[in-house]
Amino acid sequence: MADIDKEPVDATPNVTEVATVDAASEAEAVAAIDAPVSQGEPILQVRNLVKHFPLTQGVLFKKQVGAVKAVDGISFDLFAGETLGIVGESGCGKSTVAKLLMTLERATAGEVFYKGQDITRLSGRALKAVRRNIQMVFQDPYTSLNPRMTVGDIIGEPYEIHPEVAPKGERRRKVQDLLDVVGLNPEYINRYPHQFSGGQRQRIGIARGLALNPEIIICDEPVSALDVSVQAQVINLMGKLQDEFNLSYLFIAHDLSIVRHISDRVGVMYLGKMAEIGTDEQIYEHPTHPYTQALLSAVPVPDPEAREGRERIILSGDVPSPANPPSGCRFRTRCWKAEDKCATEMPLLAVPERFKGLDSPAAHESACHFAEEKDVVHAA
Amino acid sequence: MTTIDKTAEVPSARSGDDHVGPLLEVRDLHVEFHTRDGVAKAVNGVNYSVNAGETLAVLGESGSGKSVTAQAVMGILDMPPGRIPQGEIFFRGQDMLKMSYEERRSIRGQKIAMIFQDALSSLNPVLTVGYQLGEMFRVHQGLSKKEARAKAIGLMDQVKIPAAAARVSDYPHQFSGGMRQRIMIAMALALEPDLIIADEPTTALDVTVQAQVMDLLAELQREYNMGLILITHDLGVVADVADKIAVMYAGRIVETSPVHEIYKRPAHPYTKGLLESIPRLDQKGQELFAIKGLPPNLLNVPSGCAFNPRCVMAQDICRTDIPPLRPVTERDGTDLVGRGSACHFWKETIHG
Amino acid sequence: MPDLTKTAPVPDETKAPVADPSAVVKADKARSLWGDAWQDLRRNWYFVISAGLIVILLLITAFPGLFTSASPTTGDLVNHFLGKPELSKIGSPEWFGYDGQGRSVYARVIYGTRASVIVGVAVTLAVTLFGGLIGMLSGYFGGWIDALLSGFTNIFLGLPFLLGAMVVLQAFTDRSIWVVVFALAFLGWTQIARVMRGAVITIKQSDFVQAARALGASTPRILFRHILPNVMAPVIVVATISLGVYISAEATLSYLGLGLASPTVSWGMDISGGSAQIRVAQHILIYPSIMLSITVLAFIMLGEAVRNALDPKTR
């Protein structure tokens, strides 16, 4: 436990109480949030985001005995109109990132700027405006729809919460249009979720996410609960909707093949930290972080011949507990390159020294002291 | 209907009996469930066989009947609501469906063992791992507590759990997902069964841990010369370990093949569609090919070929006649050993 | 911002009617979970029998005069309690015989239904509303609110139910039905509160509640639109089963002389009176006892049937 304290503090502590906003500055914030962003500009900027879940003991007088460091200082940008994929194994904190961006969890520290407004400090009208523009698609289509509501009520609920988006008389038609857009029969409006299959339910979830014309959709493992033959339908639908509505996606998944398929850029997370981030080509064809390389090489490829020529890196052991992560580099306990330096010095996410200034796809941000390129995807 | 091939015939004389032929053979198995909405036909005439030392992968989506078939083989089907109206399951030449309860029980665990997807819920949370592993030896072999514990440690070593002697008294929740799946494998191995049925053994695990567990399973299988039935929905996992593959759809086997060939030249439109709909790690694709429609409702399976509403090649005959599993041949009629397809248009599918 | 309504519809991948046979079979039939449960219940004999009994009991409660012409309170000593039941005279005052004061046992059984059913229903309503509210607030808000309300609940849970009710009743000289209702509800709400709290904690974490929060839904909307409809099932089951328990608790209290008092007619009081005469006239004891058992059983059976219909695991 002692080594945790030695970690460099890379985030300024956040104010925990909600910042009091007067009416004028709130109106200003709402105006900023509703302003359009042009294609390719950053729409969401995450800076040193931290989420620690306290571990407490005692019933009445709770004493904090530690913390699960689910997200521990993460920074990235999401550009308008792009898809940023976030991959990692269970416990790496990728789903917590989604909850933080949706302000479903309050960040321990760090900022999330949406069009220049720090959404971790917003409240009231401004926060509601943000929630209109950032929507989410959940992993499990069986639990993310209220079983006691009809499909029409589920997809129409966003309009009841944000009545300014659609006048009452138009809502039913809008819901039917949405059903049509996601490829469901508009006549199904009075049915209940349990009358649909998993793939159809996920379409309902997507329709609910689209209802308010959002700019960003955060997708937390949107297809991992679906059958293989249905996954492709949903992935294609999401790709088509992105073009149609100029959406920006943050696509969180553990399936590297699907992430590659849909993403423009990819970030790889390990134990609450970003290990490597770059364009899909940089990450998949020219990975420099050993964890990314191991992850890619472990993906089963449905082609025994392509498989035989590939180098496989089989990591030993399991992911350590985020309540007690290793000192220095988090990956060092499973890394074949680890040296003493890795235990004492935490590698920062930056373009590695040896690739700086090079016009090579390997020159992208990677948090490793010994970053080097290695092709693990193609047969040798 | 033809039975699945008998490639890689291995003598199954490990336990000293003189039965020749496949270790396990399922013939024309039907399973149905009586629900309040009607009769769900989960398995509709499945044939397959496994030899000692061989791995059969049964591939299918949810509702394809792949797990139900395995439960019927294992004898752990809930009856009612389940019912087996027809079929035979031969283990070493004996029909298990005709055996007494006691005979079946003696096979279960000792001769055929099963590994489940969710290791946490398959282990008893209030008993130590060592106790649960040792129980097999105490009950079936009458060993003392001390001997059973030593055996348990040995097993944990064998499935490569680090510091086995120190962890034998730990409870299931103290292990990580990958380690728990190893314990499940150890339990299945305890009595050195002839056949292991693994139902989605790595689905709940992370990619980097999946590879470890699959490798371990393959290694142990070779060591003990066991038969292995691997039930999965993941075409990638299959490619690594299986010898032959049976693709299931709506309770039927629609294609069988030695594993390498199916990826190169699928002979059923469903297999072909599945392969084309998976994004590839090594290439950035455009729009994915997607099989249209939904998996069938087992209460109301489409007439003819169950896949016909979703099939790009469907003709009138597909809506009326159920295609039997036919042997697949080369263009010139040469036999393709072990290949079969239940499609009226398998020639067009495999030969373009 | 893009306008959804202007986009061209996508080629439909799931609309093809043959692709979803269930859609053809049950075309446009919206089946809610309650609707499904109802389909289940209709075919369940337990439900049919218990519901039938309860309907009869409710009729007796509302219109006792329809079932007997005799008065339960005026006795004629001509009808001495040794006057045995005349079982062939169904529905007549002498059907179940007479008690020591010459009152018709049948009439008393009929009129006694009212007290039992009113106590059962009123206590259940009070307990469900109060306990449900406490449990919901405690489960939803958590933190110190939960610590406070759970502590409060546990204190009441620590009080013995019947003994506590007796002590409460001692404080009242005029023991009307409503006083008994108060005494039972005062101590009985904890079970519902605990069931409600547990259910709310489970539902609160589901994705659809998170989804509503992410949309910016207000707390009342989340509580009443999303959480409440999903926790009603276990609460209804517990409430129905405990309705029977409250009826027997009322009878017990009345038997002990601490519950209802004359001139109110109650099975408990009659059982008490009958047990004094058990050697000479068993019928005074037997008929109210049978009615009490049937009533309690009917509610418990109803609760069980509803539980099976609502529990998704039995599907």
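- Chain C appears in an unreviewed UniProt entry as Oligopeptide transport system permease protein from Streptomyces fulvorobeus.
- Quoted verbatim from the Subcellular location (unreviewed entry) field of UniProt, the annotation for chain C is "Cell membrane".
- Reading the Sequence similarities (unreviewed entry) entry of the UniProt record for chain C gives the comment "Belongs to the binding-protein-dependent transport system permease family."

- As annotated in an unreviewed UniProt entry, chain A carries the name ABC transporter ATP-binding protein and is attributed to Streptomyces fulvorobeus.
- Within the UniProt record for chain A, the comment given under Sequence similarities (unreviewed entry) is "Belongs to the ABC transporter superfamily."

## Focus: the overall build of chain C
- Check the secondary structure of chain C and you find 12 helices and zero strands.
- Here chain C holds 315 residues, and the buried ones make up 49% of them.
- Considering only intrachain contacts with a sequence separation of at least 6, the fraction spanning at least 24 residues in chain C is 70%.
- Just so you have it, chain C exposes about 15,000 Å², and 67% of that area is on carbon and sulfur atoms.

## Topic: the pattern of salt bridges
- Taken as a whole and assessed by the stated rule, the structure comprises 34 salt bridges over all chains.
- Residue A:Asp118 pairs with A:Arg121 through a salt bridge whose shortest N-O separation is 3.2 Å.
- For A:Asp153, the salt bridge is made with C:Arg225, and the minimal N-O distance between the two is 3.6 Å. Taken together, the residues span two chains, with A:Asp153 in helix α4 (residues 151–161) and C:Arg225 in helix α10 (residues 219–255).
- Exposure remark for A:Asp153: the relative accessible area of 30% places this residue in the partly exposed category.
- Judged by its relative accessible area of 30%, C:Arg225 falls in the partly exposed class.

## Digging into the pairing of strand β1 (residues 42–57) of chain A
- One ladder, built from 13 bridges, connects β1(A) with strand β2 (residues 63–79) of chain A; its direction is antiparallel. In the sheet register, A:Val46 faces β2(A), and the bridge partner there is A:Phe76.

## What about the UniProt feature "domain: ABC transmembrane type-1" (unreviewed entry) in chain C?
- Cross-referencing UniProt, the feature "domain: ABC transmembrane type-1" (unreviewed entry) maps to residues 113–303 of chain C in the present numbering.
- End C-alpha to end C-alpha, residues 113–303 of chain C measures 20 Å, and it is 83% helix and 0% strand.

## Concerning the interface of chain B and chain A
- Between chain B and chain A, the contact holds 44 residues from the first and 46 residues from the second.
- Summing both sides of the interface, chain B and chain A together bury roughly 3,700 Å²; the carbon and sulfur share of this comes to 58%.
- It is B:Thr208, B:Leu281 and B:Lys284 in chain B that bury the most area against chain A; as a group they hold 20% of the surface buried on that side.
- Our count for the contact surface shared by chain B and chain A stands at zero salt bridges.
- Summed over the shared surface of chain B and chain A, the number is seven residue pairs in polar contact (both at pLDDT 80 or more).
- Broken down by secondary-structure element, the contributors of at least two residues to the side of chain B that touches chain A are α7 (177–189), α8 (207–224), α9 (235–241), α10 (259–264) and α11 (269–277) of chain B.
- At seven residues, the largest contribution of residues to the side of chain B that touches chain A is made by α8(B).
- Within the side of chain B that touches chain A, the residues separate by chemical class into 19 nonpolar, 14 polar and 11 charged.

## Side note on the packing of helix α2 (residues 33–42) of chain C against helix α12 (residues 283–310) of chain C
Residue and element names in this part refer to chain C.
- Relative to each other, α2 and α12 sit at 125°, their axes nearing to 9 Å. One finds that α2 runs oblique with respect to α12. Classified by chirality, the crossing of α12 by α2 is right-handed. Each of Trp34, Ala37, Asp40 and Leu41 in α2 lies in contact with α12, whose residues at this interface are Ala305, Val306, Asn308, Ala309 and Leu310.

## Quick word on the packing of aromatic side chains
- Going through the model one piece at a time under the given rule, you end up with 19 aromatic pairs over all chains.
- Note that B:Arg138 overlies the ring of B:Tyr131, its terminal NZ or CZ placed 4.3 Å from the centroid.

## Observations regarding the confidence of the model for chain C
Residues and elements named next belong to chain C.
- Summary statistics for chain C give a mean pLDDT of 80 and a share of 86% for residues scoring 70 or more.
- Ranking the elements of chain C by mean pLDDT puts helix α1 (residues 21–25) last, at 38, and helix α8 (residues 190–204) first, at 92.
- Contacts from residues 1–28, a stretch scored under 50 in pLDDT, to residues over four places away or in other chains number 58 contacts.

## Examining the UniProt feature "transmembrane region" (unreviewed entry) in chain C
Residue and element names in this part refer to chain C.
- When the UniProt feature table is mapped onto this chain, "transmembrane region" (unreviewed entry) is found at residues 45–67, 117–141, 148–171, 177–196, 227–247, 253–272 and 284–303.
- Here residues 148–171 runs as 88% helix and 0% strand, with 28 Å between its end C-alpha atoms.
- With 45% helix and 0% strand, residues 253–272 has end C-alpha atoms that lie 10 Å from one another.

## Remarks on unusual backbone geometry
- A positive phi angle is found at A:Asn246, which is not glycine, with a value near 55°.
- As for its placement among the helices and strands, A:Asn246 is situated in the loop between α7 (228–245) and β8 (248–253).
- Judged by its relative accessible area of 39%, A:Asn246 falls in the partly exposed class.
- Unlike most non-glycine residues, B:Ala250 shows phi in positive territory, near 50°.
- You can see B:Ala250 is positioned in the loop between β9 (244–249) and β10 (252–258).
- In this structure B:Ala250 comes out as buried when scored by relative accessible area, which is 3%.

## Let's talk about the confidence of the model for chain A
- For chain A, mean pLDDT is 84; residues scoring 70 or higher make up 91% of the total.
- Segment residues 1–20 of chain A is flagged for pLDDT under 50; beyond a separation of four residues in sequence, or across chains, it makes 36 contacts in the model.

## Quick word on the nonpolar core
- The biggest cluster of nonpolar side chains holds 115 residues, and the ones touching the most others in it are A:Ile206, A:Leu210, A:Leu241, A:Phe251 and C:Ile227.
- By residue number, the principal contributor to this core is α10(C), which donates 10 residues.
- With residues near it in sequence (within four places) discarded, C:Ile227 still touches C:Tyr140, C:Val200, C:Ile203, C:Lys204, C:Val209 and C:Ile222.
- In this structure, B:Val168, B:Ile196, B:Leu205 and B:Met214 belong to the second largest nonpolar core, which totals 44 residues.

## Remarks on the pairing of strand β3 (residues 83–87) of chain A
- Judged by how many residues are buried, β3(A) sits mostly within the fold: five of five residues are covered.
- Going residue by residue along β3(A), you find A:Thr83, A:Gly85 and A:Val87 tucked away on one face and A:Leu84 and A:Ile86 tucked away on the opposite face as well.

## So, the sheet that holds strand β4 (residues 109–114) of chain A
Residues and elements named next belong to chain A.
- If you walk across this open sheet you meet the four strands as β2-β1-β4-β5, and the pairing is antiparallel. Of all the strands in the sheet, the pair left with one neighbour each is β2 and β5 (117–118).
- The sheet contact formed by β4 and β5 spans two bridges and is antiparallel. Counterpart to Tyr114 in the pairing with β5 is Gln117.

## What to know about α7(A)
- Here α7(A) contains 18 residues, and its C-alpha end-to-end distance of 26 Å stays within 8% of the 26 Å for a straight helix at 1.5 Å per residue.
- One or two positions beyond α7(A), positive phi appears at A:Asn246, with a value near 55°.

## Looking at the packing of α4(A) against α10(C)
- Relative orientation of the contacting elements α4(A) and α10(C) amounts to 165°, with a least axis distance of 14 Å. When the interaxial angle is binned, α4(A) and α10(C) end up roughly antiparallel. In the crossing of α4(A) with α10(C), the sense of the turn from one axis to the other is right-handed. Contacts from A:Asp153, A:Glu157, A:Glu160 and A:Ile161 in α4(A) reach C:Arg221, C:Arg225 and C:His226 in α10(C).

Criteria and thresholds
Residues numbered from 1 in each chain as written. Chains lettered and ligands numbered in written order. Predicted model: local features only at pLDDT ≥ 70, side-chain atom pairs only at ≥ 80, totals over all residues. Heavy atoms only, no water. UniProt positions renumbered as here; feature names shortened; annotations may be inferred. Helix = DSSP H or I, 4+ residues; strand = E, 2+ residues; numbered from the N terminus. Buried < 20%, exposed > 50% of the residue type's maximum accessible area, 1.4 Å probe, protein only. Contact = heavy atoms within 4.5 Å. Areas by Shrake-Rupley, 256 points an atom, 1.4 Å probe, with all protein chains shown as cover. Salt bridge = Lys/Arg side-chain N within 4 Å of Asp/Glu carboxyl O. Pairing = 2+ DSSP bridges. Buried area = accessible area lost by both parts, 1.4 Å probe. Polar contact = N/O pair within 3.5 Å; in protein donor to acceptor, adjacent residues only side chain to side chain. Nonpolar A, V, L, I, M, F, W, Y, C, P; charged D, E, K, R; others polar. Axes fitted to C-alpha atoms, helices over the stretch in contact; angles between N-to-C directions. Parallel < 35°, antiparallel > 145°, perpendicular 65-115°, else oblique. Left-handed = near helix turned anticlockwise from the far one by under 90°. Phe/Tyr/Trp six-rings, centres within 6.5 Å; stacked < 30°, edge-to-face > 60°. Lys NZ or Arg CZ within 6 Å of the ring centre and 35° of its normal. pLDDT = per-residue confidence, 0-100. Core = buried A, V, L, I, M, F, W, Y, C linked by side-chain atoms within 4.5 Å. Expected span 1.5 Å × (residues − 1).

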